[in-house]
Amino acid sequence: MELIVGGAYQGKTEYARRLFPDISWADGEHCSFEELCQCQGILKFHHYLERRMAAGEPVADLAEILYQENPELVIVTDEIGCGIVPMDPFQREVREQTGRVCTALAGKARRVHRVICGVGTVIKG
């Protein structure tokens, strides 16, 4: 598993596509759980988590499930824990759960990359 994180519009997608040019990507804004378990990489993973939470589906065990189902997955996600805390309770919960799931994924990942201004740095592995 590889995890690529960074702020919004920091070049994570381009970085990931350069590192992994030959894999198929799913989009977290639209993909199903089945697609997530079968794809080689997922972009906008934070949107997948938000959609799942909005549907009332649990996310607490998602890192472990993904690691068991798709251990070679490349995950690209926004780091949404910095900045202004949302006033909306649901958005605060999304922020917290996304942080918890990504922390668990980072613990399981072979490598973790942080992308800022299009420059990726390996922070684990």
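Residues numbered from 1 in each chain as written. Predicted model: local features only at pLDDT ≥ 70, side-chain atom pairs only at ≥ 80, totals over all residues. Heavy atoms only, no water.

**Student:** Just to check I follow, could you spell out the packing of aromatic side chains for this structure?
**Tutor:** The geometry of two aromatic rings is summed up by the distance between their centres and the angle between their planes. Enumeration over the complete set of coordinates arrives at 1 aromatic pair. An angle of 20° between the planes, with centres 6.2 Å apart, marks the rings of Phe45 and Tyr48 as stacked. Of the two residues, Phe45 and Tyr48 both sit in helix H3 (residues 45-54), 3 residues apart, roughly one turn of that helix. On the basis of relative accessibility, which here comes to 0%, the residue Phe45 falls in the buried class. Assessed through its relative accessible area of 4%, Tyr48 is described here as buried. Positioned above the aromatic ring of Tyr67, the side-chain terminus of Lys108 is 5.4 Å from the ring centre. (Phe/Tyr/Trp six-rings, centres within 6.5 Å; stacked < 30°, edge-to-face > 60°. Helix = DSSP H or I, 4+ residues; strand = E, 2+ residues; numbered from the N terminus. Buried < 20%, exposed > 50% of the residue type's maximum accessible area, 1.4 Å probe, protein only. Lys NZ or Arg CZ within 6 Å of the ring centre and 35° of its normal.)

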